[in-house]
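Reading the structure
Listed below, chain by chain, are the residues.
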Amino acid sequence: MKAVVQDRYGPPEVLELRDIDRPDIGEREVLVAVRAAAVDPGVWIFMVGQPYLVRLAAGLRRPRVPVRGRDLAGVVTEVGARVTRFRPGDEVYGTCPRGSYAEFASADERRLARKPANLSFTQAAAVPVSGMTALRAVRDSGQVRAGHRVLVIGASGGVGSQAVQIAKASGATVTGVCATARTDFVRRLGADDVIDYTREEIDRDGPIHDVVIDTGGDRPLSLLRRALTPRGTLALVGGDHTRGGLLSGYGRQMFRAPLLSLFVGQRLRSVAATESSEALDELRELIESGALTPPVDRAYPLAEAADALRHFTDGRPAGKVIVTV
């Protein structure tokens, strides 16, 4: 099968399209014919091997898993002996830790769910990691409910664009933060108000937000807290994945936020996706009800996966960047 692989850490130029063997499946795994896979910060991090701390899990000198990609949408072609949730021919979406930029990928059945009926494979691939992260930020960390005021920083990105919609579906009043060129896009997502960060800072309106969701920025905690009510919640999603170094931009939520949270009335929380079929089922319900539509910025064929990574980092995409197979 064709797959996008790498033998060393580095920029998109290290990615190569090669012929490799189809992955084997275990008793609780399924083999999926991949139709589309998404680009997200995790793909970039495991490609470049930075922040360096990630190499403890990914491989010190070279990637242990050579195939890139995590999100996927496709069709089940084979099931393991103990799989009960799927059969060949089922259309699914979810995550694959062993790489999804390939014609076929293997995944545990607990990481997959039935694809939303009203989405194409390209749209469905935009959901899993970003959607599950957004769901956790809004529902679990933020505990957003009707009447809350929610600020979403990075509202035009993969996580932010879905967080805006999930917060609106929860009955919140949502303000999105984005660049000038994306303000109309964020309003179309359902945001009640938009802050153009090139002209105004996020504390423009003072400490009025019950929940602030920061999707991968690097603003100081002191600034973020100035936009929060005294008992509000700050949900930190990711960091500046392009910064490099030992921790990149992730030191803020790994160390500074948890420590500061012990001494202030505001709740400062780090958010990561909980990858499960249950979360994917919740997202499917939101999607099929019309409350959530995952935006896709651009799709690239498998052979151009390196270009997809470049666009993700340099192109300021509105929504998700997708690799199609």
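Scroll up a little and you will see the structure.
Keep in mind it's a predicted model, so treat the numbers as computed, not measured.

With that settled, consider the environment of Arg139. Note on placement: Arg139 falls in helix H4 (residues 128–141). On a C-alpha basis, the gap between Arg139 and Ile166 in space is 8.5 Å, while along the polypeptide they are 27 residues apart. At a separation of 2.8 Å, a polar atom in the side chain of Arg139 contacts the side chain of Asp140.

There is a patch of nonpolar side chains on the surface, built from Leu53, Leu56 and Leu60 and spanning about 310 Å² of accessible area. Mapped onto the elements of the fold, Leu60 is located in the loop between helix H2 (55–58) and strand S4 (71–79). Owing to a relative accessible area of 57%, Leu60 belongs among the exposed residues under this scheme.

Each pocket or cavity is described by its volume, and for the second largest pocket that value is around 180 Å³. Lining of the second largest pocket is provided by 14 residues; of these, Met1, Ile20, Pro23, Val67 and Arg98 occupy positions nearest its centre. Taken together, the residues of the lining of the second largest pocket break down into ten nonpolar, two polar and two charged.

Here the amide bond leading from Gln50 into Pro51 is cis, since omega sits at 5°, within 30 degrees of zero. Positioned with a positive phi, Gln143 is a non-glycine residue whose angle comes to about 50°. By the secondary structure assignment, Gln143 is in the loop between H4 and strand S8 (149–153). Gln143 gets classed as partly exposed once you look at its relative accessible area, which sits at 46%.

This next bit is on helix H5 (residues 158–169). For H5, spanning twelve residues, the distance from its first C-alpha to its last is 17 Å, which sits close to the expected 16 Å at 1.5 Å a residue. Most of H5 sits out of view: ten of its twelve residues are buried. Regarding H5, the residues found buried are Gly158, Val159, Gly160, Ser161, Gln162, Ala163, Val164, Gln165, Ile166 and Ala167. Looking one or two residues past H5, Gly171 carries a phi angle of roughly 95°, positive in sign.

A few words on the packing of aromatic side chains. The description of two aromatic rings rests on the distance between their centres and on the angle between their planes. According to the stated counting rule, one finds zero aromatic pairs in the structure shown. It is Arg22 that lies over the ring of Phe104; its NZ or CZ is 3.8 Å from the centre. Against the face of Phe121 rests Lys115, its NZ or CZ located 5.1 Å from the ring centre.

The rules behind these values
- Residues numbered from 1 in each chain as written.
- Predicted model: local features only at pLDDT ≥ 70, side-chain atom pairs only at ≥ 80, totals over all residues.
- Heavy atoms only, no water.
- Helix = DSSP H or I, 4+ residues; strand = E, 2+ residues; numbered from the N terminus.
- Polar contact = N/O pair within 3.5 Å; in protein donor to acceptor, adjacent residues only side chain to side chain.
- Patch = residues over 30% accessible without salt bridge, like charges linked within 9 Å, V, L, I, M, F, W, Y side chains within 5 Å.
- Areas by Shrake-Rupley, 256 points an atom, 1.4 Å probe, with all protein chains shown as cover.
- Salt bridge = Lys/Arg side-chain N within 4 Å of Asp/Glu carboxyl O.
- Buried < 20%, exposed > 50% of the residue type's maximum accessible area, 1.4 Å probe, protein only.
- 1 Å grid on protein atoms, 1.4 Å probe; cavity = no way out; pocket = protein on both sides within 12 Å on 5 of 7 lines; lining within 4 Å.
- Points joined across faces, edges and corners; volume = space filled by probe spheres on them.
- Nonpolar A, V, L, I, M, F, W, Y, C, P; charged D, E, K, R; others polar.
- Expected span 1.5 Å × (residues − 1).
- Phe/Tyr/Trp six-rings, centres within 6.5 Å; stacked < 30°, edge-to-face > 60°.
- Lys NZ or Arg CZ within 6 Å of the ring centre and 35° of its normal.

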